[in-house]
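Letter by letter, the chains look like this.
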Amino acid sequence: MDPSEQAHNGEQEHNGVKEPEQEHNGSTEPLPPPPPVPPNVTPIKADSEPALKKVFRAPMARRGLGTKGNKVPILTNHFKVNVSNVDGHFFHYSVALSYEDGHPVDGKGIGRKVLDRVHETYDTDLAGKEFAYDGEKSLFTVGPLPRNKLEFTVVLDDVTSNRNNGNASPGGPGSPNDSDKKRLRRPYRSKTYKVEISFAAKIPMQAIANALRGQESENSQEALRVLDIILRQHAAKKGCLLVRQSFFHNDPRNFTDVGGGVLGCRGFHSSFRTSQGGLSLNIDVSTTMIIQPGPVVDFLIANQNVKDPFSIDWAKAKRVLKNLRITTSPTNQEYKITGLSERPCKEQTFSLKQKTKDDAGEVQTTDVTVYDYFVNNRNIDLRYSADLPCINVGKPKRPTYFPLELCSLVSLQRYTKALSTFQRASLVEKSRQKPQERMSTLSGALKSNNYDSEPLLRSCGISISTNFTQVDGRVLPTPKLKAGNGDDIYARNGRWNFNNKKFVNPSKVERWAVVNFSARCDVRGLIRDLIKVGEMKGVIVEPPFDVFEENQQYRRAPPLVRVDKMFEDIQAKLPGAPKFLLCLLPERKNCDIYGPWKRKNLADYGVVTQCLAPTRVNDQYLTNLLLKINAKLGGLNSVLAIEQTPSIPMVSKAPTIILGMDVSHGSPGQSDIPSIAAVVSSRQWPSISRYRACVRTQSPKVEMIDSLYKRVSDTEDEGIIRELLLDFYVSSGKRKPDQIIIFRDGVSESQFNQVLNIELNQIIEACKFLDEKWSPKFLVIIAQKNHHTKFFQPGSPDNVQPGTIIDNKVCHPRNYDFYLCAHAGMIGTTRPTHYHVLLDEVGFSPDDLQELVHSLSYVYQRSTTAISVVAPICYAHLAATQLGQWMKFEDASETSSSHNGAAPGGGPPVPQMPRLQESVRNSMFFC
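Residues numbered from 1 in each chain as written. Predicted model: local features only at pLDDT ≥ 70, side-chain atom pairs only at ≥ 80, totals over all residues. Heavy atoms only, no water.

The protein chain carries the name Protein argonaute 4 in an unreviewed UniProt entry, which gives Forsythia ovata as its organism. Word for word, the UniProt comment on the protein chain under Sequence similarities (unreviewed entry) is "Belongs to the argonaute family. Ago subfamily." (UniProt positions renumbered as here; feature names shortened; annotations may be inferred.)

Participant: How do you make sense of the confidence of the model for the protein chain when you look at a structure like this?
Facilitator: Where the model shows low pLDDT, its predicted coordinates should not be examined in detail. Put simply, the protein chain has an average pLDDT of 86, and 88% of its residues get 70 or more. Considering only residues more than four positions removed or in separate chains, one finds that residues 1–28, a stretch of pLDDT under 50, has 37 contacts. Across residues 891–904, confidence stays below pLDDT 50; counting only partners more than four residues off in sequence or on other chains, it has 21 contacts. (pLDDT = per-residue confidence, 0-100. Contact = heavy atoms within 4.5 Å.)

Participant: Please clarify how the nonpolar core should be interpreted in this entry.
Facilitator: As a rule of thumb, soluble globular proteins bury nonpolar side chains together. Core analysis: the largest hydrophobic core is formed by 123 residues, its most contacted members being Leu-582 and Tyr-875. The greatest single-element share of this core, amounting to 11 residues, is contributed by helix α21 (residues 871–888). Excluding anything up to four places from it in sequence, Tyr-875 contacts Val-680, Tyr-691, Val-859, Tyr-860, Gln-861, Met-924, Phe-926 and Cys-927. Ranked by size, the runner-up nonpolar core spans 41 residues in total, among them Val-297, Val-320, Ile-391 and Leu-427. (Core = buried A, V, L, I, M, F, W, Y, C linked by side-chain atoms within 4.5 Å. Buried < 20%, exposed > 50% of the residue type's maximum accessible area, 1.4 Å probe, protein only. Helix = DSSP H or I, 4+ residues; strand = E, 2+ residues; numbered from the N terminus.)

Participant: I would appreciate a short explanation of the packing of helix α15 (residues 594–605) against α21 in the present structure.
Facilitator: Axes are the key here: two packed helices are described by the angle between their axes and the distance separating the axes. The N-to-C vectors of α15 and α21 enclose an angle of 105 degrees; their axes lie 8 Å apart at closest approach. Relative to α21, α15 is oriented roughly perpendicular. For the pair α15 and α21, the contacting residues are Tyr-594, Gly-595, Lys-598, Arg-599, Leu-602 and Ala-603 in the first and Gln-882, Gln-885 and Trp-886 in the second. (Axes fitted to C-alpha atoms, helices over the stretch in contact; angles between N-to-C directions. Parallel < 35°, antiparallel > 145°, perpendicular 65-115°, else oblique.)

Participant: Help me understand the sheet that holds strand β30 (residues 639–640) in this model?
Facilitator: Hydrogen bonds between backbone atoms are what pair the strands of a sheet, whose relative direction is either parallel or antiparallel. The sheet built from 3 strands is open, its strands ordered β23-β22-β30 with antiparallel pairing. Looking at the sheet topology across the chains shown, the edges are occupied by β23 (488–489) and β30. With 2 bridges joining them, strand β22 (residues 481–482) and β30 adopt antiparallel strand pairing. Bridge pairing in β30 places Leu-481 opposite Leu-640. (Pairing = 2+ DSSP bridges.)

Participant: Sorry if this is basic, but what is going on with the sheet that holds strand β13 (residues 325–328) here?
Facilitator: Pairing within the open sheet is antiparallel, and its 4 strands lie in the order β12-β20-β13-β14. Of all the strands in the sheet, the pair left with one neighbour each is β12 (294–295) and β14 (333–336). Across 3 bridges, β13 lies against strand β20 (residues 407–409) in antiparallel orientation. By the bridge assignment for β20, Ile-326 is matched with Leu-409.

Participant: What should I look at first to understand the pattern of salt bridges in this one?
Facilitator: A side chain of one charge can pair with a side chain of the opposite charge if their charged atoms are brought near each other. Considering all chains together, one arrives at 35 salt bridges under this definition. Put simply, Arg-117 and Glu-120 hold a salt bridge, and the shortest N to O gap is 3.5 Å. Placement of both Arg-117 and Glu-120 in helix α3 (residues 110–121) is noted, with a separation of 3 residues, approximately one turn of the helix. Under the relative-accessibility criterion, Arg-117 is labelled partly exposed at 28%. The partner of Arg-692 in a salt bridge is Asp-727, and the shortest N-O contact between them spans 3.9 Å. Residue Arg-692 is located in strand β33 (residues 691–698), and its partner Asp-727 is located in helix α18 (residues 720–731); the two are separated by 35 residues in the primary sequence. Put simply, Arg-683, Arg-692, Arg-696, Glu-723, Asp-727 and Arg-915 are held in one network by salt bridges that share partners. (Salt bridge = Lys/Arg side-chain N within 4 Å of Asp/Glu carboxyl O.)

Participant: Would you mind showing me how to read the environment of Tyr-835 here?
Facilitator: Along the chain, Tyr-835 falls in strand β39 (residues 833–840). Classification of Tyr-835 by relative accessible area gives buried; the value is 0%. Look past the residues within four positions of Tyr-835 in its chain and what remains in contact with it is Ile-781, Ile-782, Ala-783, Tyr-816, Asp-817, Phe-818, Leu-820, Val-853, Ser-868, Val-869 and Val-870.

Participant: Whenever I open this one, the packing of helix α7 (residues 296–304) against helix α8 (residues 314–321) confuses me. Can you help?
Facilitator: Interaxial distance between α7 and α8 falls to 11 Å at its minimum, and their mutual angle equals 115 degrees. One element, α7, and the other, α8, form an angle in the roughly perpendicular class. As for how α7 packs across α8, the hand of that crossing is right-handed. Contacts between α7 and α8 involve Val-296, Phe-299, Leu-300, Asn-303 and Gln-304 from the first element and Trp-314, Lys-316, Ala-317, Val-320 and Leu-321 from the second. A class-by-class count of the residues in the contact of α7 with α8 yields 7 nonpolar, 2 polar and 1 charged. (Left-handed = near helix turned anticlockwise from the far one by under 90°. Nonpolar A, V, L, I, M, F, W, Y, C, P; charged D, E, K, R; others polar.)

Participant: Please explain the pairing of strand β2 (residues 89–99) as it appears in this structure.
Facilitator: Consecutive side chains of a regular strand alternate in pointing toward one face of the sheet and then the other. Burial within β2 is extensive, with 8 of its 11 residues counted as buried. With 11 bridges joining them, β2 and strand β6 (residues 190–204) adopt antiparallel strand pairing. The residue bridging Ala-96 from the neighbouring strand is Glu-196, located in β6. As defined by bridge partners, β2 adjoins strand β4 (residues 138–142) across 5 bridges and the pair is classed as antiparallel. Among the inter-strand pairings, Ser-94 is bridged to a residue of β4, identified as Ser-138.

Participant: Teacher, can you tell me more about α3 here?
Facilitator: Given 3.6 residues per turn, any residue in an α-helix points the same way as the ones three and four places further on. Here α3 is 12 residues long and its end C-alpha atoms lie 17 Å apart, about the 16 Å a rise of 1.5 Å per residue gives. Those residues of α3 that fall on the buried side of the exposure criterion are Ile-110, Gly-111, Arg-112, Val-114, Leu-115 and Val-118. (Expected span 1.5 Å × (residues − 1).)

Participant: What am I meant to see in the side chain of His-269 here?
Facilitator: Counting through the fold element by element, His-269 comes out in strand β10 (residues 262–275). Accessibility expressed as a relative area gives 8% for His-269, which makes it buried. There is a polar contact of 3.1 Å between the side chain of His-269 and the side chain of Ser-271. Beyond its immediate sequence surroundings of up to four residues, His-269 is in contact with Gln-245, Ser-246, Asn-282, Ile-283, Asp-284, Ser-286 and His-788. (Polar contact = N/O pair within 3.5 Å; in protein donor to acceptor, adjacent residues only side chain to side chain.)

Next up, the structure:
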C-alpha cells in the first residue's frame with residue numbers, strides 16, 4: 001500500500017461517523033435520522049449561525065517520509081517487544097479496601113501490602129492467577145478470575161505503610177503515652193481489612209496489534225497501561241520508589257548530594273510504546289529528588305545550612321518534616337511525623353500509667369517529662385536532645401513524642417519542593433551522562449530487571465529484546481547564514497562566530513546610561529570595551545550620558561525600594577527619557593533586583609534594558625552581550641540566506657505569520673502562583689527572524705491558553721491573537737497572513753485534541769472577528785522535550801551530529817511525527833525534540849516541513865549556535881519566564897484585587913500581567 005493510500009485510509013478511519021471519539025468529543029445529542037451526516041461534522045442546532053460548523057479535528061496521518069540529507073545509522077533506547085498471545089484478554093477488576101467497620105482505607109501505599117497478603121492467603125480462590133495491581137483501585141489479570149465478585153478478609157501486623165501510615169495509630173515500645181504498659185505486652189497491633197474485587201471490563205490484547213497498524217482506541221491505550229502497571233509492580237516488589245513511569249532503587253550508589261539535605265536519586269523510566277517498528281519498551285535514565293536519609297538532626301542541619309542543632313529554626317523545621325516517615329531506635333518501628341512538641345524534651349510532659357494501683361483500685365498516672373522517661377524508664381542515653389523539641393508521631397489529641405536523636409528518616413522519600421538555582425545546577429551537573437555511559441547504564445538495567453522472569457509478562461507471551469533498536473537517521477544540510485555586508489557565515493557542527501564580521505542589521509546605542517547596583521566593577525573600562533567591540537560588529541555605541549552608582553544607604557533595602565530609588569536618581573539627572581539602560585547586578589544567579597527592575601523599565605517607562613553581572617568580562621562576553629542588545633533595540637545579528645533571497649519553502653510564497661506558544665507554571669509545591677501564557681509572533685514578513693511577544697496570566701496549572709480570543713463587546717476583542725495579527729498587518733506592508741504556522745510547546749499527547757479543537761478554534765474565531773471573510777490556512781506543530789527517547793551513534797563516544805532527523809521505526813505508526821537534534825550536544829546526552837504535526841492545510845512536503853523546522857533552529861538571536869527547539873518556542877519560553885519574575889514581587893494589595901474576576905472553578909482571582917509600554921511592546925525585549 002503506498003503512503004498516500006495509507007494516509008487516506010488512516011483519515012477515513014478518523015472521519016467516519018461511527019468513530020467513538022466523534023461521539024465522545026462532539027455533540028452529546030443523538031443524531032437525527034435523516035439527513036445523512038457527512039463525515040467529520042457534528043450536527044448543530046438550526047437556529048445558530050450556519051457559518052460556524054463545529055468540526056471535530058483529530059491529528060493528521062503521516063504524509064510520507066523525508067529523503068533529504070546524508071543517511072546515518074542510529075541506535076535508540078527502544079527495545080523491541082514481541083507479543084505472542086494476541087488472542088488473550090486482560091480482565092480489569094476494581095478494588096475496594098475498607099476497615100472492619102466499613103470505613104474506606106485512605107492511606108496510600110497500604111494497598112500493595114494488603115493485596116500481597118490476599119495473593120498469599122487466597123491463592124486457590126484466585127485459581128492460582130497472578131495479577132497486576134496499580135496500588136490504587138485497579139487490578140488486572142490475564143484471563144478471568146473464577147468469579148465476577150470476590151470478597152476477602154486479611155489481617156496485617158502493625159501496618160505502617162510503605163508510603164505513610166494509613167489510619168493505624170503508631171504503636172510499639174517507646175511510645176510514652178497512656179497505654180504504654182499495654183503496648184509493651186502487645187508491640188505489634190494488627191489490623192483487619194476487607195477487600196472487594198469486582199469485574200469492571202475486558203480488554204482484548206488484539207487492541208495492541210491494532211494500535212501497531214495505526215488504529216488506536218480506548219482499548220489499546222488501556223492494554224498498554226496494563227503492561228506499564230506490570231512493570232511498576234515488578235519494581236514495587238523490589239522495594240523501589242515509584243514516580244509515575246519511573247522507579248528508583250534504594251541503593252546509596254545511586255544517590256548524589258545536591259545540597260540542602262536533598263539528594264538526587266538515579267533510577268529508570270520505562271514505558272511501552274507503539275511505533276512503526278512494532279511494540280517497543282522505552283527505557284531511560286531518570287532522576288528524582290529525595291530527602292537525605294539518616295538522623296533527622298543531620299537532615300535539618302543540612303537543610304537549613306546551620307552549624308549545629310541549636311541554631312535550627314524550628315518553625316521552618318516543622319513545615320519541612322510534616323508527613324515524613326521515620327524509624328526510631330532502638331525498636332526500629334516506623335512512624336509518620338505529625339509535628340513537633342511545643343516545649344523542649346526535658347520540659348515536655350505526658351501522663352504515664354503506674355504499675356501500682358491506688359486504694360480504690362484505680363490505675364495511677366504521674367506526669368513525666370519525655371527526657372526522664374527515656375533516660376530513667378527506658379535506660380536510653382540521650383546526648384543532645386534535652387533542650388530540643390521532640391518529634392511528634394501521634395494524633396492531634398493524643399501526641400506521641402520521641403527525642404530527636406532517636407529518630408532517623410527512612411530512605412527514598414521524595415522531595416517535592418522547588419530546588420534553588422544552586423541545587424538545580426548541582427543536580428544537572430551530577431546526573432548527566434555521556435552517551436556511552438548512558439548506554440551501558442541502560443543495558444545493565446535491562447539485564448538486572450530480568451523481565452523474562454516476570455510471570456505476568458510470560459502469560460501475555462511477551463519477550464523483550466536486550467538490543468538497542470537501530471533506525472535510519474539523516475543529517476540535514478546546514479542552513480546558510482548571512483552577516484553584514486553580504487558576508488556568508490558558515491556554521492560547522494551547529495556553531496558559528498562573528499570574527500571579522502559585522503551584524504547584518506546593526507542598531508545604534510544612543511541616549512543611554514549605565515546603572516550600577518553595587519556590583520564591583522571597573523565601569524569606565526567596561527564602557528570603553530563595549531564601544532570598541534560594538535565598532536567591530538558595526539554597532540555604533542555612543543558614550544553614555546552618565547553612570548548611576550547605587551546610594552550605599554539602600555544596599556540592604558528591599559528590591560522594590562532599591563529600584564525605585566535608582567529611578568528617582570535617573571529622573572532627576574537625565575534631560576529626557578533614556579532609550580537604553582545597561583544595568584550591573586551584584587550577583588550572577590537569581591538576583592532579586594532583576595524582576596522589579598525589568599518591570600519598572602518595560603511596564604512603567606518603556607525603556608529597553610540589558611542586565612549583566614560583570615564577573616569575567618572579555619571580548620567574547622561583550623560580543624554575546626551585544627547580540628542581545630542589538631536584537632532588543634530592533635537590529636538583527638544574522639539571518640538565513642533563504643530569508644534574503646526570499647526562498648523559504650511555502651513561507652516566502654504567501655504572507656505567513658509564525659507563532660510560538662508556551663505556558664509556564666509555578667513549581668509543583670506552589671499551587672497558588674498564576675500560570676503564565678506567552679505567544680510570540682513573527683513580524684515584517686518575509687522575515688522569520690523578527691518576533692514580538694504577548695504575555696498573560698491565567699489560572700494556576702492550566703495548560704490550555706485561555707486568552708487567545710477574548711471578546712468583550714461586539715467590536716472589541718482583548719485577546720492575544722488579535723494584538724499579534726494587527727502587528728503583523730502593520731509591519732508587513734498592510735498584508736494579512738494567508739498562512740498561520742503554530743508551534744506549541746509543553747503539551748502531552750493526551751492534550752493534542754484540545755490544542756486542535758479548543759486553542760485552534762479560539763485562534764480561528766479571533767481571525768473571523770477581524771474579518772468574517774478571511775480564512776487563512778493553518779499548520780499546527782507540537783514540540784516536546786520532556787520525553788525519554790534518546791539517540792546514539794553506533795561505535796562512537798560522541799553525540800549524534802547536529803541536524804540529525806529520524807522519522808521512521810520509533811515514530812508513531814499513524815500520526816505525523818519526527819525527532820530532530822538540531823543542536824550540537826556538548827555535555828551529557830543530546831535530548832532530541834519530538835515534533836508532532838497535528839494539522840497541515842498549507843500542504844508542505846515532508847522535506848520542506850523538516851527544512852523549515854531545522855531552519856528555525858538557526859534564527860535565535862541570542863547565541864551563535866543552533867538551538868535544540870525552534871526559536872519562536874524558545875522566545876515564548878523566555879518571555880514567560882521574564883514576566884514570571886515580575887509577578888514574584890506583586891504586593892498583596894495588587895494581587896488580591898479582582899482585576900480579572902474570579903478564576904474558573906471559583907478559585908481566587910488571578911492577578912493580571914502589567915501591560916508593556918507602547919515603545920517596547922513590539923521589541924524583542926525577551927532576548
